[in-house]
Structure formats: C-alpha cells, structure tokens
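The lines below spell out each chain.
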Amino acid sequence: MIKILGTRYQLGEMIGTGGMADVYIGQDLRLSRKVAIKILRSDLAKDPSFIARFRKEALAAAGLNHPGIVAVYDSGEEEGNSYIVMELVNGQTLRELIHSGDPISLDHSLEIISGVLAALAYSHANGIIHRDIKPGNIMLTDDGDVKVMDFGIARALDDIGATMTNTWNVIGTAQYLSPEQATGETADRRSDIYSVGCLLYELLTGRPPFIGDTPVSIAYQHVSSVFQKPSEIDPLIDSNLDTVLSVALAKDPNNRYQSAGEMLSDIQRVIQGKEVTTKIYQKKKPKKRVITAVAAVVLLLIGTFYGLAARPKAVPFLQVPNVVGLTLEQATPLLVAFTTNIAHAPDGHIPKDRIASQLPAASSKVPKGSSISITISDGPGNTVVPVGLVGMSLADARNSLTSVGLVISRSIPKDSNEQPGTVLKVIPDVGSTVVAGSGVILEVASGSVQVPSLVGVDEIQAKTILVQAGFLVREVDATDAAQAANRVLAQAPDAGTSQTIGSTVTITINRISLPTESPTPIPTESPTSTPSQ
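What you are looking at is a predicted structure, and each value in this text was computed from that prediction instead of being measured.

Peer 1: Before we move on, can you summarise the overall build of the chain with the specific residues and values?
Peer 2: Assigned secondary structure in the chain consists of 14 helices and 26 strands. For the chain, the proportion of its 533 residues judged to be buried stands at 44%. For the chain, contacts bridging at least 24 residues in sequence account for 68% of all contacts bridging at least 6. Split by element, the accessible area of the chain, about 27,200 Å² in all, is 53% carbon and sulfur.

Peer 1: Go over the confidence of the model for the chain, please, and point to the residues and values.
Peer 2: The predicted coordinates of low-pLDDT regions are not to be read in fine detail. This prediction gives the chain a mean pLDDT of 78; 80% of its residues lie at or above 70. Mean pLDDT values over the elements of the chain span from 34, in helix 10 (residues 288-301), up to 95, in helix 5 (residues 189-205). Contacts for the low-pLDDT stretch residues 283-314, under 50 throughout, to residues beyond four places or in other chains number 13 contacts. In the model, residues 514-533 has pLDDT below 50 throughout and makes 1 contact with residues more than four positions away in sequence or in other chains.

Peer 1: Explain the side chain of Asp-28 to me, using residue names and the numbers behind them.
Peer 2: Summarising the element assignment, Asp-28 is placed in strand 3 (residues 21-28). For Asp-28, a relative accessible area of 1% gives the class buried. Side chain to side chain, Asp-28 and Arg-8 meet in a polar contact 2.7 Å long. Those residues in contact with Asp-28, other than ones at most four positions away along the chain, are Arg-8, Tyr-9, Arg-33 and Val-35.

Peer 1: Can you explain the sheet that holds strand 18 (residues 407-414)? Please cite residues and give values.
Peer 2: One open sheet holds the 3 strands; their spatial order is 18-21-19, and the pairing between them is mixed. Either end of the sheet is taken by a strand with one partner, and the two such strands are strand 18 and strand 19 (423-427). Neighbour to neighbour, the strand axes of the sheet diverge by 25° on average, direction disregarded. Examined bridge by bridge, strand 19 and strand 21 (residues 439-445) share 4 bridges and lie antiparallel to one another. From the neighbouring strand, Ile-427 faces strand 21, where its bridge partner is Ile-441. Seen against the sheet, helix 13 (residues 394-403) touches strand 18, strand 19 and strand 21 and runs at an angle of roughly 165° to strand 21.

Peer 1: Can you lay out the packing of aromatic side chains for me, pointing to particular residues and giving the numbers?
Peer 2: With the rule as written, the count across this model stands at 2 aromatic pairs. Ring geometry for Tyr-9 versus Tyr-83: centroids 6.5 Å apart, planes at 65°, classification edge-to-face. Pair noted here: Tyr-9 is in strand 2 (residues 9-17) and Tyr-83 is in strand 6 (residues 81-87), with a separation of 74 residues, a long-range link. Across the pair, exposure class does not vary: Tyr-9 and Tyr-83 are buried alike. Relative to Phe-227, the ring of Tyr-201 has its centre 5.8 Å away and its plane inclined at 80°; by these criteria the two rings are edge-to-face. Here Tyr-201, found in helix 5, pairs with Phe-227, found in the loop between helix 6 (215-224) and helix 7 (230-233); they are 26 residues apart in sequence, far enough to count as distant. Since its relative accessible area comes to 0%, Tyr-201 is described here as buried. On the basis of relative accessibility, which here comes to 16%, the residue Phe-227 falls in the buried class.

Peer 1: Now, about the nonpolar core: what can you tell me, with residues and values included?
Peer 2: The biggest cluster of nonpolar side chains holds 43 residues, and the ones touching the most others in it are Leu-200 and Met-263. Breaking this core down by element, the ones donating at least two residues are helix 2 (94-99), helix 3 (106-125), strand 9 (138-141), strand 10 (146-148), helix 5, helix 8 (239-248) and helix 9 (260-271). Ranked by the residues each element gives to this core, the list is headed by helix 5, at 9 residues. Ignoring any residue separated from it by four or fewer positions in sequence, one finds Met-263 in contact with Leu-117, Ile-193, Val-196, Gly-197, Leu-200, Val-244, Ala-248 and Tyr-257.

Peer 1: If you had to explain unusual backbone geometry to someone new, which residues and values would you point to?
Peer 2: Looking along the chain, the bond that leaves Ile-427 and enters Pro-428 is cis, with omega of 0°. By the element assignment, Pro-428 lies in the loop between strand 19 and strand 20 (433-435). Of the consecutive residues Ala-492 and Pro-493, the connecting peptide bond is found in the cis state with omega at 0°. Within the secondary structure layout, Pro-493 lies in the loop between strand 24 (488-492) and strand 25 (498-500). The residue Thr-7 is not glycine, and still its phi comes out positive at about 60°.

Peer 1: Give me the lowdown on the pattern of salt bridges, citing residues and values where you can.
Peer 2: Considering all chains together, one arrives at 12 salt bridges under this definition. A salt bridge links Lys-463 to Glu-459, with the shortest nitrogen-to-oxygen separation between them at 3.0 Å. Of this pair, Lys-463 and Glu-459 both sit in helix 14 (residues 459-469), 4 residues apart, roughly one helical turn. Overall, Glu-459 belongs to the buried group, its relative accessible area being 11%. By sharing partners, the salt bridges in this structure join Glu-459, Lys-463, Glu-475, Asp-477 and Arg-511 into a single network.

Peer 1: Report on the packing of helix 3 against helix 5, specifying residues and quantitative values.
Peer 2: For any two helices packed against each other, one specifies the inter-axial angle together with the distance between the axes. Following both chains from N to C, one finds helix 3 and helix 5 inclined at 170°, their axes separated by 10 Å at the closest point. By the angle class used here, helix 3 and helix 5 are roughly antiparallel. Residues Leu-106, Ser-109, Leu-110, Ile-112, Ile-113, Val-116, Leu-117, Leu-120 and His-124 of helix 3 form the contact with helix 5, whose participating residues are Arg-189, Asp-192, Val-196, Leu-199, Leu-200, Leu-203 and Leu-204.

Peer 1: Describe the environment of Gln-450, listing the residues and the values that go with them.
Peer 2: Along the chain, Gln-450 turns up in strand 22 (residues 448-450). Overall, the relative accessible area of 54% leaves Gln-450 in the exposed class. The spatial distance from the C-alpha of Gln-450 to the C-alpha of Ala-469 is 8.5 Å, given a sequence separation of 19 residues. Contact partners of Gln-450, with chain neighbours within four places excluded, come to Phe-471, Gly-496, Thr-497 and Ser-498. Separated by 3.4 Å, the side chain of Gln-450 and the backbone oxygen of Gly-496 make a polar contact.

Peer 1: I'd like a description of the sheet that holds strand 9, backed by residues and values.
Peer 2: If you walk across this open sheet you meet the 3 strands as 7-9-10, and the pairing is antiparallel. Strands at the two margins of the open sheet, each flanked by one partner only, are strand 7 (91-93) and strand 10. The mean angle between the axes of side-by-side strands here comes to 25°, regardless of whether they run parallel or antiparallel.

Peer 1: A description of the side chain of Ser-377 should follow, citing residues and the corresponding values.
Peer 2: Examined against the element boundaries, Ser-377 turns out to sit in strand 16 (residues 371-377). A relative accessible area of 0% places Ser-377 in the buried class. Residues within four places of Ser-377 in sequence aside, it is in contact with Ala-345, Asp-347, Ile-350, Pro-351, Lys-352, Asp-353, Arg-354 and Ala-356.

Cut-offs used in this document
Residues numbered from 1 in each chain as written. Predicted model: local features only at pLDDT ≥ 70, side-chain atom pairs only at ≥ 80, totals over all residues. Heavy atoms only, no water. Helix = DSSP H or I, 4+ residues; strand = E, 2+ residues; numbered from the N terminus. Buried < 20%, exposed > 50% of the residue type's maximum accessible area, 1.4 Å probe, protein only. Contact = heavy atoms within 4.5 Å. Areas by Shrake-Rupley, 256 points an atom, 1.4 Å probe, with all protein chains shown as cover. pLDDT = per-residue confidence, 0-100. Polar contact = N/O pair within 3.5 Å; in protein donor to acceptor, adjacent residues only side chain to side chain. Pairing = 2+ DSSP bridges. Axes fitted to C-alpha atoms, helices over the stretch in contact; angles between N-to-C directions. Phe/Tyr/Trp six-rings, centres within 6.5 Å; stacked < 30°, edge-to-face > 60°. Core = buried A, V, L, I, M, F, W, Y, C linked by side-chain atoms within 4.5 Å. Salt bridge = Lys/Arg side-chain N within 4 Å of Asp/Glu carboxyl O. Parallel < 35°, antiparallel > 145°, perpendicular 65-115°, else oblique.

Below is the structure:
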C-alpha cells in the first residue's frame, strides 16, 4: 500500500472498512492536520462501475459544506488506488451507540433526528439526495454534534434512473429502505425522509419498524405492511410522535413530508410540547369538475384500501444458482439474470481462480436483476480479520469473514444485553493478519432458537436454512442408495429442539455416485442374404 498519496497525505492505520472501501487515519502534510482517507478496496479497483460510484461519492459530497455533513477535502487516484480525503471525526456511529445497550433518552433521540434532518435539508437544497440513511452513516462526535457521512450512493435529484433494480444487495440497507427503493422505482428526497422515519422509530422503540429473516422479506414489509405505533409498544412515548411517523413512513411519497424542513418543524413542535396534526399532501389541487368523480372512486375503494393500496408491484423472483467451486467462465452463463459483483480474496480451501463464496446463498429467492456478489479465490495466502465485526449479527459477520477467505470455527454464547446473535468479541483480534482459510472464534450474545427440520431437504437448501436461522453448519457424509443424492439423511440436534444461537447443527449428506450410462452400441448392418432359388 502506498504510504503517501498525492504527495501530501501520509497514510496511517486502518480505522474502518465497508462494502466499497477501507478507511485509514492520515496526516495532511501540507496543512498539518489529521484526516480520514477512504481508499477503494483493491478487489474492486478494476471494476469500472465501482470506480465510477466512488468518484460520484467524491463529487457529491465535495460540494456540500455544512456542519452536519462530514466534509470531503480532496480526492484522487495514484497507481490504481482511488481515494477520498475527508474530515476526521472523533466519536462513534449511531449504530455503535444503539448496539452499546446504553439507554438513549427521548430528548437525545430527537436531537439526533433534528441534526440529521438539518443536514439533509441542506444537501437536498443543493440537489443531492443521500439514499442510504442508516445508523452506520450517522456520526455522533465527542462534542455532541451529529454528522451525516458516506454519500457513496448519493444521486443528483435530476437523475431519474436512481433506482434499486440492479443493485439490490449493494445499495441501501433493507431495514431503512423506502417502499419505492424496495420496488426499484425512482428515489428522491422523500426517500431520505422515509429512512429518517425508520431511524426515529428505532430510537424510540429499540428496533426498526419492520424486521424479518431476509432482506427481501423486510423490504416487502416496507411496501405492504403497517407498522406498530410506538405508543402501543411503550405507552410513555408521546402520541405526537405516532403522528410524525404516520407521515414520514407513508407508503406513498406524496403523503409524506415533502421536505426535510417540514419534518424538522414537526420534530421541533414535539420538543416544545406542542401538538402535531396529521398532514396529507397532494401535489396539485384537483379541478372542481373532477372532484365528484374522485370522491366516488374513493368511496368505492375505501373498504379494500388497507388490503390493496400498498400492494407491491409484481416482481419476478428467481432462485440463486450454486456457483461455488466453478470458474468465472463456468458461472457466467448461470448468472445472466442477475447483476454480478466480483471480488478476489485468498482462500486456503478453494483452488485459485475458482469461486470461493457467493452472496446471497444458493437456493435463495431474489428479484430478477438482483446483485450477486461472488468472491474468487486467489489461492492460499495471508488475509486480515475484518474491522467492524463486533456489533454485527452472526449472519453479517459470517458474510464479512467469507469475503476475505475466513470461516467461523467456533462460536461461544455469552450472556449479554445485546440482541441474541450479536458478535461481542473476535479471536484473533480484528486487524490481525492470518492464513487464508483459518477459523475465527466469535463470542456472541446468547439466545435460543428452534432447530429447523432438515431431513429429506436438498443439501444447499438445508445449509441456507441453517445459516439464515443463525446456526453454524457441520457436514458428515454417508451413503444410502435408497435415497436421493445430496439429500439430508439425518441431523443433530433433532428438529424442534431449542439450541443457543450460533451453535452447530450437524447434517448427514447422502453422497452416492450416480451410475454413468454406458454408450448405446451403434447397430451394424448384417449382409443381406439372398434366398436360394
């Protein structure tokens, strides 16, 4: 790694990592100040789409000068390394605060939301929407300030192609997605407002408005489900906040706050103890001659409104094929219905130039055009335990480790106030250099979950079910000619028993060799005999 970028930025230790880039502390030698330097990950640096998105982040954020937005000072490329130089912020992310278990008061929650809305009001006024508002992108400084960061998927307001269709697993986080982002429609400033509503809901109740087993199930709850009012979860919560959320989380963008400033105004009314009234927006006033007709239609539909009004568009779902172990050339024809993101990482088990892992897992069902991330093995070598594992869910930690060629060798349940399955400690420490293919030990917050029924299920589907349920998987091979190949013959523990999340479930896979068909002999013609006279 280059130690000096642009002849002025001295690179220091890594302080964070994300889906696109690694972040280092740095020193601006010209201005004698500490900075944060974001460098596009080397495995993505050859992908033109990621380079373009990285440049777009620099351009989007560089034009924003607001105390509530992490400042971008400079950007450039050097010897194939694309980098962005940013303001170094001392503090913690909102995600870290939420996962710390420390109670967040109502006043503090509203201060945080007010800071986010003020920053968005400024960025929207300058023609930039964020499109990925979530706790991990909100910084809380040691001085108590709120700063929005990571405009990596921000788009100009006039970019009408800003949708989720081809970047399902890259853009946005399912728990904070607006309905229009979930269904691949155009996202605008009101999409950011919906995401802020999700943040507010989580700060008030301790959880996002919609939760589920998969990103797809969560996304479609945003489209079709009604959230539970916070005051129903905790009667001490001001019912005025129910009203604010009913507007911010409206399924139809036309019924939401039309600007961050409008939502901020209502938040300020709550802080001042004033009443907030329900607001319903319409972009244009209907002409008098059509009011009667519209009213008639409304009356006709009112009985079925709750069941039909927010029904999602029909999006074809496809089963993700299993490409692990294949070469890229072999896998490409199987992935033509998806958008493919390619990464490289050392791997001690998968041969060089073969696919070592894929996300989502094989047999998962996702919308057509979704992004499939595949990691190609660079063969044996050293890799680094990723930064940021602590606080992740077990599933997210597994994905992060897999992407750098590591596996979870053991998980140790620990009593904790954290949500069950949350990673508490990593052994060896994050940032450690280890041999690819090594096992990593995770301490996770304890909690019980039922073991699913797997006997008779296809091997790939069984692994997917176990991973999504929060278990580690151990395989044992056996042979039973009376059963179908690659099916689960037995499991331990038994289905229905309660086990600690993160524990291991052993499945016995039927490994039988299918008989190869012998080639059909080609018939030869025998000489025609002439009957005797």
